[in-house]
There are 2 protein chains.
Amino acid sequence: VRKIKLEIAYDGTDFHGFAKQKELRTVQGTLEAILERIAGRPVEVLGSGRTDAGVHARAQVVHFVLDGGPPTEKMVYILSRMLPRDIVPIRACDASNDFHARFSTLQKTYRYTIQRATVEDVFSNRYAWHITSALDIVRMKEAAVHFVGEHDFTSFCAASTPIQNKIRTIFELNLEEHETYLHIFCTGSGFLQNMVRIIVGTLVDIGQGRYVPFDVVRMLEAQDRRIAGKTAPALGLCMWNVVYPEGLEIST
Amino acid sequence: VRKIKLEIAYDGTDFHGFAKQKELRTVQGTLEAILERIAGRPVEVLGSGRTDAGVHARAQVVHFVLDGGPPTEKMVYILSRMLPRDIVPIRACDASNDFHARFSTLQKTYRYTIQRATVEDVFSNRYAWHITSALDIVRMKEAAVHFVGEHDFTSFCAASTPIQNKIRTIFELNLEEHETYLHIFCTGSGFLQNMVRIIVGTLVDIGQGRYVPFDVVRMLEAQDRRIAGKTAPALGLCMWNVVYPEGLEIST
């Protein structure tokens, strides 16, 4: 019996999110069905976080416990032959018993992509929010500064979220322009439901002149979802990186 | 009554090719159905060329004749609201009666994309042929030279093609590396069925050491499909550019 840490990438377009749902195509459900075929018994897959329907991952991390089955170093190859094209296994290794894909995380980075162009690119419109109106990037960068640090993110969390403690820390919130694309990288201790999407939606509102950068401070203080800006669409969001403490991987 | 020249981009993954087929989702069929709604009567759409199932287009050009309907300058906006996400209208203009999307072409460029990496990228695996084995790019470039010029491309054409005249001219065949991607740009007077895909498949065979660069000359001379290399998969191919003589567009 061993615990395996697996890194996967997926195109979230055709999934109803990461978390398993009866009768719906999900990332967790797809992985568990294939691992059950490999293991000959049900296998529970735990992810570093649940991504919503339409959200992508460059590096989602999951773990599962396997009794027997193929050697870990063959796992990526075997899974790559069995998984559908929109999930790609990147790396597998044995992990210590202390490792937990969700609870061991130190920090996570999400990337949000906006395409600023008159005509959207058909090859990236599954992965980018297409905006035709002008965006004041300088103001958006000014606003981004106010999100960094430890804050109560109640205003930037789906109102329906049952979690009590909405205090989170954002380590970095950077905007990078690359040709017609604007990438927003957000690194934090953890994220509430829709948190990155509401932060991005609010930055876009500011870029379009609906708010001024300093309004972010007022929004955070309000602790009321209705005071913050809009929620950016899921398709531009991508789980970019998950960091764990060293020493939880077992080299074989 | 006016003739409209329309440039479109599409992600070919979920289409059964460009050409209309009963009961199947095709680019031509999708366009004609929407134009019929706009025009209130059937509209025939003619393309610069038929792309196979899975082949993409950055710039396919089509024409159609419209009696009434919205002004041409609003066409892109109207179509962008009505077309599915995997077809994007780029540009529309009025064309002279002499213009024909297929017969007026001077030259066409296709781009073929290969991803060379241990792990494929889930965000480009709809658009690139993923190759893990080593490719000798220098030899592939040496081989490419032999395709340029006027040749009988019988060996590089699907054997079932009914067309008699298989003489075509390739103006340029360039390999460009960009990070883990290899782009093969092929510009010619016109292309036979599967021609670019067989040229690319043969270049890959040469890159993998199955043939030497000069074998291309022997393959062209053989005029026999069985002598050339494999057919590269459709998904890496993209109609990149179509050039027409000047003076066939009407500025409004």
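Further up the page is the structure itself.
Predicted, not measured: the structure shown is a model, and the values here were computed from it.

Enquirer: I would appreciate a short explanation of the relation of the copies chain A and chain B in the present structure.
Expert: Turning one copy of the chain about an axis and sliding it along that axis gives the other copy, so a rotation and a shift relate them. Expressed as a screw operation, the relation of chain A to chain B combines 0.0 Å of axial shift with a rotation of 180 degrees, fitting to an RMSD of 0.0 Å. Look at the turn and shift together and you get a two-fold axis relating the two. Looking at the interface residues of chain A, 100% of them are also at the interface in chain B, so both copies use one shared face.

Enquirer: What am I meant to see in the side chain of Arg-197 of chain B here?
Expert: Checked against the element boundaries, Arg-197 of chain B lands in helix α4 (residues 195-207). Residues in contact with Arg-197 of chain B, not counting those within four places in the same chain, are Asp-52, Lys-230, Thr-231, Ala-232, Pro-233, Ala-234 and Leu-237 of chain B.

Enquirer: Any chance you could explain the pattern of salt bridges here in plain terms?
Expert: Once their charged atoms are close, side chains differing in charge can pair, the charge on each being opposite to the other. Residue and element names in this part refer to chain B. Enumeration according to the criterion identifies 28 salt bridges over all chains in this entry. The partner of Asp-86 in a salt bridge is Arg-25, and the shortest N-O contact between them spans 2.9 Å. Placement of the pair is Asp-86 in the loop between α2 (75-82) and β4 (87-95) and Arg-25 in the loop between β1 (2-10) and α1 (27-39), with a sequence separation of 61 residues. Taking relative accessible area as the criterion, Asp-86 reaches 12% and is therefore assigned buried. Overall, the relative accessible area of 32% leaves Arg-25 in the partly exposed class. Asp-67 is the salt-bridge partner of Arg-41, the closest N and O atoms lying 3.5 Å from each other. Here Asp-67 lies in the loop between β3 (56-66) and α2 and Arg-41 lies in the loop between α1 and β2 (46-47), a separation of 26 residues in the sequence. Taking relative accessible area as the criterion, Arg-41 reaches 45% and is therefore assigned partly exposed.

Enquirer: Whenever I open this one, the interface of chain A and chain B confuses me. Can you help?
Expert: Bring the parts together and some accessible area is lost; that lost area is often taken as the interface size. Taken residue by residue, the interface counts 22 residues in chain A and 22 residues in chain B. For the pair chain A and chain B, the two sides together bury roughly 1,600 Å², of which 69% comes from carbon and sulfur. Three residues, Arg-85, Val-122 and Phe-123 of chain A, lead the burial of chain A against chain B; their summed loss comes to 40% of the area buried on that side. Taken together, the links from chain A to chain B amount to zero salt bridges. Connecting chain A to chain B are two residue pairs in polar contact (both at pLDDT 80 or more). Ranked by the residues each element gives to the side of chain A that touches chain B, the list is headed by strand β4 (residues 87-95) of chain A, at four residues. A class-by-class count of the residues in the side of chain A that touches chain B yields 13 nonpolar, three polar and six charged.

Enquirer: Mind showing me how you'd approach the nonpolar core here?
Expert: Most often, soluble globular proteins have nonpolar side chains that are buried together. One finds Phe-64, Ile-114 and Leu-203 of chain B to be the most contacted residues of the largest nonpolar core, which totals 69 residues. If we ignore the near neighbours within four places in the chain, the residues touching Ile-114 of chain B are Ala-128, Trp-129, Ile-131, Leu-135, Thr-180, Tyr-181, Leu-182, Ile-184, Val-200 and Val-204 of chain B. Core analysis: the next-biggest nonpolar cluster, separate from the first, contains 68 residues, Tyr-112, Met-219, Ala-228 and Ala-234 of chain A among them.

Enquirer: How should I be thinking about helix α4 (residues 195-207) of chain A in this particular structure?
Expert: An α-helical turn contains 3.6 residues, so a residue and the one three or four places further along point in the same direction. All names here are of chain A. The terminal C-alpha atoms of α4, which comprises 13 residues, lie 18 Å apart, in line with the 18 Å expected from a rise of 1.5 Å per residue. Most of α4 is tucked away, with 13 of its 13 residues classed as buried. Gly-209 sits one or two residues past α4 and shows a positive phi near 85 degrees.

Enquirer: Sorry if this is basic, but what is going on with the packing of helix α1 (residues 27-39) of chain A against helix α2 (residues 75-82) of chain A here?
Expert: Angle between the axes and distance between the axes: these two values describe a pair of packed helices. Residues and elements named next belong to chain A. Two elements in contact, α1 and α2, have axes whose closest approach is 11 Å; the angle formed by their N-to-C orientations is 120 degrees. Considered as vectors, α1 and α2 are oriented oblique to each other. The handedness of the crossing between α1 and α2 is right-handed. Where α1 approaches α2, its residues Ile-34, Leu-35, Arg-37 and Ile-38 are matched on the opposing element by Met-75, Ile-78, Leu-79 and Met-82. Each residue belonging to the contact of α1 with α2 can be placed in one class, and the counts come to seven nonpolar, no polar and one charged.

Enquirer: Even after reading the chapter, I still don't get the packing of aromatic side chains, so can you show me in this structure?
Expert: Think of a pair of aromatic rings as described by two things: how far the centres are apart, and how the planes are tilted against each other in angle. Counting across every chain of the model gives 18 aromatic pairs over all chains. A centroid spacing of 5.3 Å and a plane angle of 75 degrees characterise the contact between Phe-123 of chain A and Tyr-127 of chain B, whose relative ring orientation is edge-to-face. Remark: Tyr-127 of chain B occurs in the loop between β5 (107-116) and β6 (129-131) and Phe-123 of chain A occurs in the loop between β5 (107-116) and β6 (129-131); the pair is interchain, linking two chains. Since its relative accessible area comes to 11%, Tyr-127 of chain B is described here as buried. Taken together, a centroid distance of 5.0 Å and an interplanar angle of 80 degrees make the contact between Phe-147 of chain A and Phe-156 of chain A edge-to-face. Comparing Phe-147 of chain A with Phe-156 of chain A shows no difference in burial state: the two are buried. Taken together, the ring pairs connect Tyr-10, Phe-15 and Phe-18 of chain A into an aromatic cluster.

Enquirer: What is the right way to look at the environment of Tyr-110 of chain B in this model?
Expert: Assignment of secondary structure puts Tyr-110 of chain B in strand β5. In contact with Tyr-110 of chain B, not counting residues within four places along its chain, are Thr-51, Ile-184, Phe-185, Cys-186, Phe-191, Val-196, Leu-237, Cys-238, Met-239 and Trp-240 of chain B.

Enquirer: Teacher, can you tell me more about unusual backbone geometry here?
Expert: Apart from glycine, the bulk of residues carry a negative phi angle, and the bulk of peptide bonds sit in the trans form. Positioned with a positive phi, Gln-223 of chain A is a non-glycine residue whose angle comes to about 50 degrees. Residue position: Gln-223 of chain A is located in the loop between α5 (215-222) and β10 (237-243). Phi at Glu-23 of chain B takes a positive value of approximately 70 degrees, unusual for a residue other than glycine. Following the sequence through the fold, Glu-23 of chain B ends up in the loop between β1 and α1.

What counts, and where the lines are drawn
Residues numbered from 1 in each chain as written. Chains lettered and ligands numbered in written order. Predicted model: local features only at pLDDT ≥ 70, side-chain atom pairs only at ≥ 80, totals over all residues. Heavy atoms only, no water. Least-squares fit on C-alpha atoms with pLDDT ≥ 70 in both. Contact = heavy atoms within 4.5 Å. Helix = DSSP H or I, 4+ residues; strand = E, 2+ residues; numbered from the N terminus. Salt bridge = Lys/Arg side-chain N within 4 Å of Asp/Glu carboxyl O. Buried < 20%, exposed > 50% of the residue type's maximum accessible area, 1.4 Å probe, protein only. Buried area = accessible area lost by both parts, 1.4 Å probe. Polar contact = N/O pair within 3.5 Å; in protein donor to acceptor, adjacent residues only side chain to side chain. Nonpolar A, V, L, I, M, F, W, Y, C, P; charged D, E, K, R; others polar. Core = buried A, V, L, I, M, F, W, Y, C linked by side-chain atoms within 4.5 Å. Expected span 1.5 Å × (residues − 1). Axes fitted to C-alpha atoms, helices over the stretch in contact; angles between N-to-C directions. Parallel < 35°, antiparallel > 145°, perpendicular 65-115°, else oblique. Left-handed = near helix turned anticlockwise from the far one by under 90°. Phe/Tyr/Trp six-rings, centres within 6.5 Å; stacked < 30°, edge-to-face > 60°.

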